[in-house]
Amino acid sequence: MGVNAASVLNRLLQRNTHKPKALPTDSKALTTTVLTHLNAGRLRKAVSILFASPVPFPFSLYARIFQICSSNLAIVEARKVESHLITFSPAPPIFLLNRAIETYGKCGCLDDARELFEEMPQRDGGSWNAMITAYAQGGCAEKALWLFLRMNRLGICANEITFASVLGSCATVLALFLSKQIHGLIVKYGFCWNVILGSSLVDIYGKCRVMSDARRMFDEIENPNAISWNVIVRRYLEMGNEKEAVVMFFKMIRANIRPLNFTFSNALIACSGISALQEGIQIHGVAIRIGYDEHEVVSSSLIDMYAKCGDLESACGIFELPSSKNLISWTSIVSGHATSGRTREARELFDEMPERSVISWNAMLAGYTRFCQWEEALEFVFLMREATQDIDHVTFGLILNVCAGLSDVELGKQVHGFIYRHGLYSNLFVGNALLHMYGKCGNLRSTRLWFYQMSHWRDRISWNALLTSHARHGLSEEAMTIFGEMQWETTPSKFTLGTLLSACANIFALEQGKQIHGFMIRNGYEIDVVARGALVDMYSKCRCSFTDLILWNSMILGCCHNGRGRDVLGLFGLMEEEGVKPDHITFQGILLGCICEGLAELGTEHFNSMSNKYCIIPRLEHYGSMIELYGRHGFMDELEDFIKRMPFEPTVAMLTRVFNACSEHGHSRLGKWAAEQLNELNPSTPFHFQILDRSRVGK
DNA sequence: TTAGGGTTAG
C-alpha cells in the first residue's frame, strides 16, 4: 500500500518535470514515502513503512527519524528503527548508533541505551558522550561518573562535551574532589575558555559551598553569559550572602548581559533577605526597561520583594495590574500584611482569595502567631482543619507555637501525637517547635525527654530551646550546666548568651554573669539590644551600680569590632568627662583601639595609667594587647623592653607573637631570644629564627 | 550532532 502511494506520488512528480527520469528503485520510492509521512507529522506511519520493508534506507533517513523520535519521546518507534538499521545494514556507521543511544537516553530508557552501547562492535568518543549524557540526564549521576572513569582508564580522550555532562553529574552528587581533578584536566586540555565548562565549575564550587573558588572561577570566565551570571547570583543567594548576590546582579546589568527571568527572582529574593528596598526598586526599573515586569514570575517576585521590604503600597500597586494576580502573588500580599501586623486586613484579603494553598494558610497563621493573637490563631487552625487536608510541617510548627502561646500543654500533647502518627517528628522545625512548646508550658521533663530523643538531628536552636526553658522557669543553675554541655556539640548564639545573662540576673550570680560577659567579648559576640538589656539587668540586680560603665564598655568594644579605633579613644574621653570610672574591660577596648590605629605611645600611656591612675591590675589580655600593639607596628625596641620587664613568664602565644613580629620586622636579637624561650618550653618542634625581608637586616 | 543554570508564596 505504501508502495502504491509512493508510486502515485512519483508519477505526479514526474508529470511536473519536463525531463523524464529513470524509474525510481523501490528503495527510493519508499524513502520518499517515508519522508512524506515524516513531513506530515505521521511518525508512527513512517516508521511502520520503514520497518516492514526488507531493504536498507539511506543513513540520513535513519538519523532524521531518530531525531524525531527523540523530540517526541517515541520509544517504540526508536526501537523499530534501530532494529531495522542493524538488520539490513551490515556495518551501520557509529554515528547512527550513537544517535540511537541518545534517543533511548532522551526517552529515559537507559537499559536500551546501555545494551546497545555495550554491544557496539566499535565505539568512538561520541558513543561514550552519548551514554554518559544519557545517564547524566536520566538522573543516574553516579553511573555517568562511573562510565567516565572507565572511559579514562581505557585511555579514551574526553572532549568538552564529555566534561560538560560529567560536571553536571558532579554537581548533582556534590563530587567536589572529582570536580577539582576534572578542572585540572580542563586546564590541561586548554578548554578553559569554554563558557559552559566554566559556568559548570562555578555551579559545582557554589553547590559545594566553596564560594571563594566559585567566585575565582567566575572571574576567570572571559565572557560570562546569562547562565554564568545566573549561577553566581543564585549561589551567593543560597549561601546567605544576599548582598553579594545583589552586587553581582548589578554588575551583570553593567556588563550589558540581559538577565533571565530567574535571575530577576533570585536578585529580588536577595533584596528581601536584607531589606534592600532601594536596590529592589532599581531592579524593578531594570525589569521595566527590559520589558520583563509583566512576566508572571518577575512580577510575582517584585510583589513579594515590596511586601517583604515593608512597602505594601507598591506591592499592591503591581498586584492590581491585570496580569499579576495569581496564587503566589495573592499569598505574598496576604503574607506581607500578616507579617507586618495588619492581620485584620490580611484576613480580609485571605478570605477574598479565589484559591488557597497550604502556604497561604500558613502565611495567615504565621501572622496571628507572630503578633501573639492566640485566640484568633486557634480559631483559624480549626477553620483550616475543616477546609483542607493539606497540612504540612510548617503548619504543625505554627500550631505548636499557638499551644505554647496559650500555655495549653494538653492541646500540645494531642498535636504531638498527631505529628508522631504522621511521621513528621523527624523534621527539625517541628522538633524544635515541640521543645519550645513543652518548655514554654513549663513541662520540663517532657522537654528533656524529647530533647534526648532528638539527639540524632537536633541543632543549636534545640539547645537554645532547652536552655531557655530551664532559665525561664527559674532553673538558672541547670541552665548553666546545659550551657556547659552545649559547647561539646555546638557553639552558642547571641540568643543563648542573652538568656544565660538573664538567668544569672535571676540567681544573683554576678561572677558567672561576668564570665559570660567576658566570653562574649573574647569571642566577638555582638552586644545587641537584648544582650545589653540583659547585662544592665544583671549588673543592676547584682547590686553593681556599674550599669553606665557596662554601656560605655559595650560601645567601646562595639567600635573595636568594627575597626573604629579613633572612636574608641573619643568615647574614652567622653566617659572620663562623665565621671564614669573605667574597668579592665574598658582598657581592653582602649588597647584594641590603639592597635587598630597604630598608636604605640598612647597605648603605652594608657597601659601605665591602669595601675598608676586607676588602680586596675593589668591582666594577661592587656599584656597580650601591648605585645600585639608593638609587634604589629614594628616598635621592636619597645617590644623587647616590654616583654623582658613583664612580671611573669611570657606565654607560648606571646612568645610566638614576638617571634613572628621579629621575622617580619627584622629584629634578630629578640627573635633569637624568643626562639630560645619557645624551644625551652617545647623542645620537640624547634623554632629557627629567620628574617623574612632581607632589606631590613641591620636593625 | 552531542553540553551548563533555573520556576516566584509560609
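Rules used in this analysis
Per chain, residues are indexed from 1 in the order of the written sequence. Labels are handed out in written order, letters beginning with A for the chains and numbers beginning with 1 for the ligands. Given that the model is predicted, a residue must reach a pLDDT of at least 70 before its local features are reported, and side-chain atom pairs must reach 80 or more before they are shown or counted; all residues, however, enter totals for whole chains, interfaces and linings. Hydrogens and water molecules were not included; the side-chain quantities draw on all heavy atoms of the structure. A run of H or I in DSSP counts as a helix once it spans at least four residues, and a run of E counts as a strand once it spans at least two, with each numbered from the N terminus. For the radius of gyration, the atoms used are the C-alpha atoms, and the globule rule reads 2.2 Å times the number of residues raised to 0.38. Per-residue accessibility, obtained with a 1.4 Å probe over protein chains only, is compared with the maximum for each type, and a residue is labelled buried under 20%, exposed over 50%, and partly exposed between these values. Contact criterion: two residues are considered in contact whenever any of their non-hydrogen atoms come within 4.5 Å of each other. A 1.4 Å probe and the Shrake-Rupley method give the accessible areas. Residues count as covered only by the protein chains that appear here. Charge counting treats Lys and Arg as positive and Asp and Glu as negative, with His and both chain ends excluded. The location of each charge is read from NZ of Lys, CZ of Arg, CG of Asp or CD of Glu. UniProt positions are given in the numbering used here, feature names are shortened, and annotations may be inferred rather than shown by experiment. Here, proximity means that at least one heavy atom of the residue falls within 4 Å of the molecule or strand. Nitrogen and oxygen atoms within 3.5 Å of one another constitute a polar contact, given that in protein one can donate a hydrogen and the other can accept it, and given that sequence-neighbouring residues count only through two side-chain atoms. Only the six-membered ring of Trp is used, alongside the rings of Phe and Tyr, when aromatic pairs are assigned; centres must lie within 6.5 Å, and planes under 30 degrees apart are stacked while those over 60 apart are edge-to-face, with the rest tilted. Under this scheme, a helix contributes an axis fitted over its contacting stretch, all axes are lines through C-alpha atoms, and angles between N-to-C directions fall in the 0 to 180 degree range. In these notes the angle categories are as follows: under 35 degrees is roughly parallel, over 145 is roughly antiparallel, 65 to 115 is roughly perpendicular, and the rest is oblique. Here is the rule for handedness: rotate from the far helix to the near one, and if that takes an anticlockwise turn smaller than a right angle the crossing is left-handed, while a clockwise turn gives right-handed. Three categories are distinguished: nonpolar for Ala, Val, Leu, Ile, Met, Phe, Trp, Tyr, Cys and Pro, charged for Asp, Glu, Lys and Arg, and polar for the others, with Gly belonging to the last.

Asks: For this particular structure, what's the right way to read the overall build of chain A?
Replies: Each helix and strand counted, chain A has 40 helices and zero strands in total. The C-alpha radius of gyration computed for chain A amounts to 36 Å, which surpasses the reference 27 Å derived for 699 residues by more than 25%, pointing to a less compact arrangement than a globule. Dimensions of chain A, computed from the C-alpha atoms along their principal axes, are close to 120 × 75 × 50 Å. Per-residue burial for chain A yields a buried fraction of 49% across its 699 residues. Expressed as a percentage of contacts within chain A between residues at least 6 apart in sequence, the contacts between residues at least 24 apart total 58%. As presented, chain A carries roughly 35500 Å² of accessible surface, and 54% of it is formed by carbon and sulfur atoms. Averaging the locations of the 67 positively and 70 negatively charged side chains of chain A gives two centres separated by 8 Å.

Asks: Sorry if this is basic, but what is going on with the UniProt feature "repeat: PPR" (unreviewed entry) in chain A here?
Replies: Within the UniProt annotation, "repeat: PPR" (unreviewed entry) is assigned to residues 124–158, 225–259, 326–360, 459–493 and 548–582. Span residues 124–158 is 74% helix and 0% strand, its end C-alpha atoms 11 Å apart. Each end of residues 459–493 is marked by a C-alpha atom, and these two atoms are 11 Å apart; helix forms 77% of the span and strand 0%.

Asks: When you look at the protein's contact with DNA strand B in this model, what are you seeing that I'm missing?
Replies: Contacts to DNA strand B come from 41 residues, most closely from Leu260, Phe262, Ile328, Asn362 and Asp392. In the environment of DNA strand B, a base nitrogen lies 3.2 Å from a nitrogen or oxygen atom belonging to the side chain of asparagine 225. Here a phosphate oxygen of DNA strand B and a side-chain polar atom of lysine 308 are 2.8 Å apart. For the surface near DNA strand B, the elements supplying multiple residues, two or more each, are helix H8 (125–137), helix H10 (160–173), helix H12 (195–207), helix H14 (226–238), helix H18 (296–308), helix H20 (327–339) and helix H22 (358–370).

Asks: Would you mind showing me how to read the packing of aromatic side chains here?
Replies: Given two aromatic rings, their pairing is described by the distance between the two centres and the angle made by the two planes. Considering all chains together, one arrives at 28 aromatic pairs under this definition. Judged by centre distance (5.1 Å) and plane angle (45°), the ring pair of tryptophan 361 and phenylalanine 380 falls under tilted. With tryptophan 361 in helix H22 and phenylalanine 380 in helix H23 (residues 374–387), this residue pair connects regions lying 19 residues apart in the sequence. No difference in accessibility class separates tryptophan 361 from phenylalanine 380, as the two residues are buried. For the pair phenylalanine 483 and phenylalanine 519, a centre-to-centre distance of 5.8 Å together with 80° between the ring planes defines the contact as edge-to-face. Here the residue phenylalanine 483 occupies a position in helix H29 (residues 476–489), and phenylalanine 519 occupies one in helix H31 (residues 510–522), the gap between them amounting to 36 residues. Of the residues examined, phenylalanine 483 reaches a relative accessible area of 10% and is grouped as buried. In this structure an aromatic cluster arises from ring pairing among Phe607, Tyr623, Tyr630, Phe642 and Phe648.

Asks: I tried to follow the environment of valine 34 on my own but got confused; where do I start?
Replies: Note on placement: valine 34 falls in helix H2 (residues 26–39). C-alpha separation for the pair valine 34 and leucine 591, spaced 557 residues apart in sequence, amounts to 88 Å. Once you skip the residues sitting within four places of it in the chain, valine 34 turns out to touch Ala46, Ile49, Leu50, Phe57, Leu61 and Ile65.

Asks: What is the right way to look at the side chain of serine 299 in this model?
Replies: Along the chain, the position of serine 299 falls in helix H18. A relative accessible area of 1% places serine 299 in the buried class. Setting aside residues up to four positions removed in sequence, serine 299 forms contacts with Asp293, Ile318 and Ser324.

Asks: Just to check I follow, could you spell out unusual backbone geometry for this structure?
Replies: Glycine aside, a negative phi is what most residues show, and trans is what most peptide bonds show. Although it is not a glycine, serine 275 sits at a positive phi angle of roughly 50°. As for its position among the elements, serine 275 is in the loop between helix H16 (261–273) and helix H17 (277–290). Notably, cysteine 615 is not glycine yet its phi reads approximately 55°, a positive angle. Among the structural elements, cysteine 615 can be located in the loop between helix H36 (600–612) and helix H37 (620–633). The class for cysteine 615 is exposed, based on a relative accessible area of 68%.

Asks: Which parts of the structure should I look at to understand the packing of H36 against H37?
Replies: Helix-helix packing is described using two parameters, namely the angle between the two axes and the distance between the axes. Where H36 meets H37, the axes come as close as 10 Å, and the angle between the chain directions of the two elements is 165°. Taken together, the axes of H36 and H37 are roughly antiparallel relative to one another. You can see that H36 and H37 cross each other, and the crossing is left-handed. For the pair H36 and H37, the contacting residues are Ala600, Gly603, Thr604, Phe607 and Met610 in the first and His622, Tyr623, Met626, Leu629 and Tyr630 in the second. Across the contact of H36 with H37, the residue classes tally to seven nonpolar, three polar and no charged.

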